[in-house]
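If you want the building blocks of each chain, they are given just below.
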Amino acid sequence: DIAGNSVNLEAVVSTQSTGWFEDFVAGYVCYGDWFDFVLPYWQSPRPNILVISYEGILAEPEKNIIRIAEFLGFSTTTAEVAEIKEKIQFKNMKKELVAKGTDTAASIMRKGHQGEGRECLTPRQKRLFYEKFKKRMANTGIDLYSY
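Attention in this report is confined to the structure presented alongside it. Model, not experiment: these values are computed from the prediction. (Residues numbered from 1 in each chain as written. Predicted model: local features only at pLDDT ≥ 70, side-chain atom pairs only at ≥ 80, totals over all residues. Heavy atoms only, no water.)

1. Focus on a nonpolar patch on the surface
Thought 1: Together, Phe-37, Tyr-41, Trp-42, Ile-49 and Val-51 line one region of the surface with nonpolar side chains, adding up to about 430 Å² of accessible area.
Thought 2: On the secondary structure map, Val-51 appears in the loop between α3 (34-43) and α4 (54-59).
Thought 3: On the accessibility criterion, Val-51 (30% relative accessible area) is partly exposed. (Patch = residues over 30% accessible without salt bridge, like charges linked within 9 Å, V, L, I, M, F, W, Y side chains within 5 Å. Areas by Shrake-Rupley, 256 points an atom, 1.4 Å probe, with all protein chains shown as cover. Salt bridge = Lys/Arg side-chain N within 4 Å of Asp/Glu carboxyl O. Helix = DSSP H or I, 4+ residues; strand = E, 2+ residues; numbered from the N terminus. Buried < 20%, exposed > 50% of the residue type's maximum accessible area, 1.4 Å probe, protein only.)

2. Some points on the packing of α3 against helix α10 (residues 123-136)
Thought 1: Closest axis-to-axis distance for the α3/α10 pair is 11 Å, and the angle between their directions is 35°. Judged by the sense of rotation from one axis to the other, the crossing of α3 with α10 is right-handed. Here Trp-34, Phe-35, Asp-36 and Leu-39 of α3 come into contact with α10, specifically with Phe-129, Lys-132, Phe-133 and Arg-136.
Thought 2: Its residues assigned to classes, the contact of α3 with α10 comprises five nonpolar, no polar and three charged. (Axes fitted to C-alpha atoms, helices over the stretch in contact; angles between N-to-C directions. Left-handed = near helix turned anticlockwise from the far one by under 90°. Contact = heavy atoms within 4.5 Å. Nonpolar A, V, L, I, M, F, W, Y, C, P; charged D, E, K, R; others polar.)

3. A closer look at the packing of aromatic side chains
Thought 1: Summed over the entire model, instances satisfying the criterion amount to six aromatic pairs.
Thought 2: Between the aromatic rings of Phe-129 and Phe-133, the centroid separation amounts to 6.2 Å while the plane-to-plane angle is 45°, which identifies the pairing as tilted. Taken together, the residues Phe-129 and Phe-133, both in helix α10 and four residues apart, mark about one turn of the helix.
Thought 3: Phe-129 sits in the buried class, given a relative accessible area of 14%.
Thought 4: Residue class for Phe-133 comes out buried when judged on its relative accessible area of 4%.
Thought 5: Taken together, Phe-24, Trp-34, Phe-35, Phe-129 and Phe-133 form an aromatic cluster joined through their ring pairs. (Phe/Tyr/Trp six-rings, centres within 6.5 Å; stacked < 30°, edge-to-face > 60°.)

4. Considerations on the nonpolar core
Thought 1: Residues Trp-20, Phe-21, Phe-24, Val-25, Phe-35, Val-38, Leu-39, Leu-121, Phe-129, Phe-133 and Met-137 constitute the largest nonpolar core, which totals eleven residues.
Thought 2: Of all the secondary-structure elements, those providing two or more residues to this core are α2 (20-26), α3 and α10.
Thought 3: Ranked by residues supplied to this core, first place goes to α2 with four residues. (Core = buried A, V, L, I, M, F, W, Y, C linked by side-chain atoms within 4.5 Å.)

What follows is the structure, encoded as structure tokens:
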């Protein structure tokens, strides 16, 4: 998804273009190496940082809403969790942004589902990225395709 977002948000070049994917996997992109950014949070958990995944929220929204609330020091009722779950649905958040006149923000909210990054990569690119992912994220407990 990072690759897909990079293309859509930065309007760099298509991931199919020669060189872009190799630069991304090597960490030679605008914001640096993704692994260098993510690994410290998994290797040295910090008590003031809650790590969650979009895939986890999609899979278990209620559980993750409660986790976030507890992390922030709030307790929630079943009704509050249900209300939050409804408000954080992709279609509702996008509709709210459009209603507030924030067209730019709404335009970058494309589909609201996981795995879009896989859709824009060739089979070779997927294999190369997964190989690097397995190497760099070893012993973190994160499985790229577990979601």
